[in-house]
Amino acid sequence: MFSNIGVPGLILILVLALIIFGPNKLPEIGRAVGKSIREFKRATDGITNDIKEEFKYDLKEAQKEKVDIKK
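All values reported here derive from a predicted model rather than from experimental measurement.

**Some thoughts on the overall build of the protein**
Thinking step 1. Helices and strands together make up the secondary structure of the protein, namely 2 helices and 0 strands.
Thinking step 2. In the protein, which comprises 71 residues, the proportion classed as buried is 1%.
Thinking step 3. Approximately 6800 Å² of the protein is accessible, and the part contributed by carbon and sulfur atoms is 66%.

**Focus: a nonpolar patch on the surface**
Thinking step 1. Residues Val-7, Ile-11, Leu-12, Val-15, Leu-16, Ile-19, Ile-20 and Phe-21 make up a contiguous nonpolar surface patch of roughly 820 Å² in combined accessible area.
Thinking step 2. Tracing the backbone through its elements, the reader meets Ile-19 in helix α1 (residues 6-21).

**Focus on the pattern of salt bridges**
Thinking step 1. Applying the stated rule across the entire model yields 3 salt bridges.
Thinking step 2. The salt bridge involving Glu-53 is made with Lys-56; its shortest N-O contact spans 3.8 Å. One end of the pair is Glu-53 and the other is Lys-56, both in helix α2 (residues 26-70) and 3 residues apart, which spans about a single turn.

Cut-offs and rules
Residues numbered from 1 in each chain as written. Predicted model: local features only at pLDDT ≥ 70, side-chain atom pairs only at ≥ 80, totals over all residues. Heavy atoms only, no water. Helix = DSSP H or I, 4+ residues; strand = E, 2+ residues; numbered from the N terminus. Buried < 20%, exposed > 50% of the residue type's maximum accessible area, 1.4 Å probe, protein only. Areas by Shrake-Rupley, 256 points an atom, 1.4 Å probe, with all protein chains shown as cover. Patch = residues over 30% accessible without salt bridge, like charges linked within 9 Å, V, L, I, M, F, W, Y side chains within 5 Å. Salt bridge = Lys/Arg side-chain N within 4 Å of Asp/Glu carboxyl O.

The structure is reproduced here in structure tokens:
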């Protein structure tokens, strides 16, 4: 989606943001966006870790059942 913007497009977006929000609001907006992205990454990492742990548990259970069948 953003891979084909290019440098001129990025400069245009930054200039428009500067005109619309002004120089005093841009740092605040940047901090808010950064915090949002960080929180989103934390949430997705937590979900990913939960899924990995569940798969590890299921794999251990399946291996136990496999050993019990062979006996």
